[in-house]
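Descriptive analysis of the structure
Residues per chain, in single letters:
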Amino acid sequence: MKAIVVSDIAPAGDFSRVYIEEQALPAPGAGQVRVRMLYAPINPSDFNFIHGTYHDGFERLIWNYGHDTLTMDPQRTQPLAAVPYTIGGEGVGVVEAAGGGFLAKRLLGKRVSIAVGPPAGTWREYAIADAIRAVVLPASVSDEQAAMFFVNPVSVYVMLKHVLKVKPGTRLLITAAGSAIGKAVTRLSTVFGYQCICVVRGSSNSDALRGLGAHAVIETNTQNLQAEVHRVTAGRGVDYALDCVGGTLAGDALRCMALNGHFLSYGTLAGRPTELHQRDIMHPLVRVEGFFVPNWLLQQNKLTLIRTLRAVKKLVARGYFDVDVDRVFDFSRVHDALAAADARDRTGKIMLRFS
Ligand SMILES: NC(=O)c1ccc[n+]([C@@H]2O[C@H](COP(=O)([O-])OP(=O)(O)OC[C@H]3O[C@@H](n4cnc5c(N)ncnc54)[C@H](OP(=O)(O)O)[C@@H]3O)[C@@H](O)[C@H]2O)c1
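Residues numbered from 1 in each chain as written. Predicted model: local features only at pLDDT ≥ 70, side-chain atom pairs only at ≥ 80, totals over all residues. Heavy atoms only, no water.

Considering the domain arrangement of the chain
When the parts come together, some accessible area is lost, and that loss is often what is quoted as the size of the interface. The assigned domain composition of the chain is domain 1 (2–148 + 323–353) and domain 2 (156–292). Of note, the centres of domain 1 and domain 2, computed from C-alpha atoms alone, are 28 Å apart. Of the residues lining the interface, twelve residues belong to domain 1; the matching set on domain 2 comes to eight residues. Both faces combined, the contact of domain 1 with domain 2 buries some 780 Å², and carbon together with sulfur accounts for 55% of it. Of all residues in domain 1, Arg344, Asp345 and Thr347 bury the most surface against domain 2, accounting for 42% of the area lost on that side. (Domains from an automatic or database assignment. Contact = heavy atoms within 4.5 Å. Buried area = accessible area lost by both parts, 1.4 Å probe.)

Structure representation (structure tokens):
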């Protein structure tokens, strides 16, 4: 079978270390299933594995100080894959072999959404997943949407309900609002009752965001962020900010916070650290917090995990996490697909098709 492999870390925009190789058909172990992959999205986290963003980030942490192998958690239970590895963080496929155990056997022939990452990720014709973590979604959810069940829907739900604990009648600002996460947060404002202020750097997604329920859309290529937030909140500022960009934009967003605001940092799309002036967080008593879904999930008990997955599943089935798909590429064209995913002004996800 064929798999998409990263041989070495390369700088941003360079995909020359990504290639397709022939691998042996993987055998599922006890409690595991082999999934014939149908679709997988290209997410920003896949670029992090191509360009070494995770490696650089985890290498700086205290719990990795002096260690040759990096882990994502301080308990050292989650090793960070080292190149070469097969990438892809999630996807959908059909279970065609079970490695033993009731759960695994029950999934034979079923379509499942899975989330497994490097070193043995989902960008291959057949992937291995733990049966307990393979989710069967209703047939009404399309294959493409089912491929994107895990990473973003779970992150959005957890950030809104568990971390920020958003309250109705509040104001929430989100940067890179044209992203899949931005659109889900905007759509959910109509369920959870906050006003969503969408920040984008161009106009390609502005009308779509208004259609999803945005209270305001601010285009930073032509508009001043603070002036616009002042205008649309009648000078009060925002209670919450969700930022996945960093750089100067995150610094500007911090200066839009209301008293006791809560700022959540969950991405590094600008590739530069947030410009943080201490007084911008001191004077308005802003709480600045980080979020990384694998480490949040690791800390939860089984009941919270089951309840969270159940809630996300319901919202997925009702279409609240529907993601626009910009283009679908056969996986043999992975370089074209990566270039398309890396381009500005996309209006949806780029997907890889495996069969
Ligand atoms: N911390 C976690 O656990 C976690 C979990 C899931 C996702 N995430 C993060 O969430 C973010 C969004 O993910 P996604 O899958 O929703 O993204 P996506 O659908 O692939 O969209 C990415 C968006 O980012 C915008 N963008 C890229 N670089 C930018 C920059 N320098 N300044 C402003 N906007 C920029 C693009 O806007 P244009 O249209 O202007 O090009 C595009 O709309 C990513 O950073 C991802 O890593 C984090």
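Next, the rest of the story.
Some thoughts on the packing of helix H5 (residues 151–163) against helix H6 (residues 180–192)
Where H5 contacts H6, the two axes come as close as 10 Å, and the packing angle between them is 50°. Taken together, the axes of H5 and H6 are oblique relative to one another. As H5 runs across H6, the sense of the crossing is right-handed. Residue-level inspection shows Asn152, Val156, Tyr157, Met159, Leu160 and Lys161 of H5 in contact with H6, the latter providing Ala180, Ile181, Ala184, Val185, Leu188 and Phe192. Residues of the contact of H5 with H6, tallied by class, amount to ten nonpolar, one polar and one charged. (Axes fitted to C-alpha atoms, helices over the stretch in contact; angles between N-to-C directions. Helix = DSSP H or I, 4+ residues; strand = E, 2+ residues; numbered from the N terminus. Parallel < 35°, antiparallel > 145°, perpendicular 65-115°, else oblique. Left-handed = near helix turned anticlockwise from the far one by under 90°. Nonpolar A, V, L, I, M, F, W, Y, C, P; charged D, E, K, R; others polar.)

Focus on the site of the ligand
In the neighbourhood of the ligand, 24 residues make up the surrounding shell, with Ala180, Ile181, Arg201, Val293 and Lys349 lying closest. Measuring from an oxygen atom of the ligand, one finds a backbone N or O atom of Ile181 at 2.8 Å. Tyr266 is positioned such that a nitrogen or oxygen atom in its backbone is 3.0 Å from a nitrogen atom of the ligand. Where the shell around the ligand is concerned, the elements lending two or more residues are H5 and H6. When residues in the shell around the ligand are grouped by element, the largest group, three residues, is from H5. Here the shell around the ligand is built from residues that sort into 13 nonpolar, six polar and five charged. (Near = heavy atom within 4 Å. Polar contact = N/O pair within 3.5 Å; in protein donor to acceptor, adjacent residues only side chain to side chain.)

Topic: the sheet that holds strand S13 (residues 287–290)
The strand order across the open sheet formed by six strands is S10-S9-S8-S11-S12-S13, and the pairing between neighbours is parallel. Single-partner strands in this sheet number two, and they are strand S10 (216–219) and S13. For this sheet the average axis-to-axis angle between neighbouring strands, irrespective of direction, equals 15°. Here strand S11 (residues 238–243) runs beside strand S12 (residues 257–265); their pairing, made up of five bridges, is parallel. (Pairing = 2+ DSSP bridges.)

Digging into the side chain of Asp73
Looking at the secondary structure, you find Asp73 in the loop between helix H2 (53–59) and strand S4 (85–86). No salt bridge forms around the buried Asp73; measuring N to O, its nearest opposite-charge neighbour Arg76 is 7.2 Å away. Within the structure, Asp73 has its side chain in polar contact with the side chain of Thr77 (distance 2.5 Å). In this structure Asp73 touches Trp63, Gln78, Asn295 and Leu298, once residues within four positions along its chain are discounted. (Buried < 20%, exposed > 50% of the residue type's maximum accessible area, 1.4 Å probe, protein only. Lys, Arg positive; Asp, Glu negative; His and termini not counted. Salt bridge = Lys/Arg side-chain N within 4 Å of Asp/Glu carboxyl O.)

Concerning the packing of aromatic side chains
On inspection of all chains with the given rule, the structure shows eight aromatic pairs. Note on Phe15 and Phe47: the rings are 5.8 Å apart at their centroids and 50° apart in plane angle, and the pair reads as tilted. One end of the pair, Phe15, is in the loop between strand S1 (2–6) and strand S2 (18–22); the other, Phe47, is in helix H1 (residues 44–51), with 32 residues separating them in the sequence. There is no split in this pair, since Phe15 and Phe47 are both buried. By way of ring pairs, the aromatic residues Phe49, Tyr54, Phe58, Tyr85 and Phe292 are connected into one cluster. For Lys161, the ring lying beneath its charged end belongs to Phe192, and the centroid distance is 4.4 Å. (Phe/Tyr/Trp six-rings, centres within 6.5 Å; stacked < 30°, edge-to-face > 60°. Lys NZ or Arg CZ within 6 Å of the ring centre and 35° of its normal.)

Digging into the pairing of strand S9 (residues 195–200)
Burial analysis of S9 places five of its six residues in the buried class, which makes it a mostly covered element. Bridge analysis of strand S8 (residues 171–174) against S9 gives four bridges, and the strand direction is parallel. Counted as the bridge partner of Ile174 is Cys198 from S9. As defined by bridge partners, S9 adjoins S10 across four bridges and the pair is classed as parallel. Each bridged residue has a counterpart across the sheet, and for Val200 the counterpart in S10 is Glu219. Tracing the backbone out of S9, into helix H7 (residues 206–212) and back to the parallel element S10 gives a crossover that is right-handed. (Right-handed = clockwise from strand over helix to strand, strands pointing away.)

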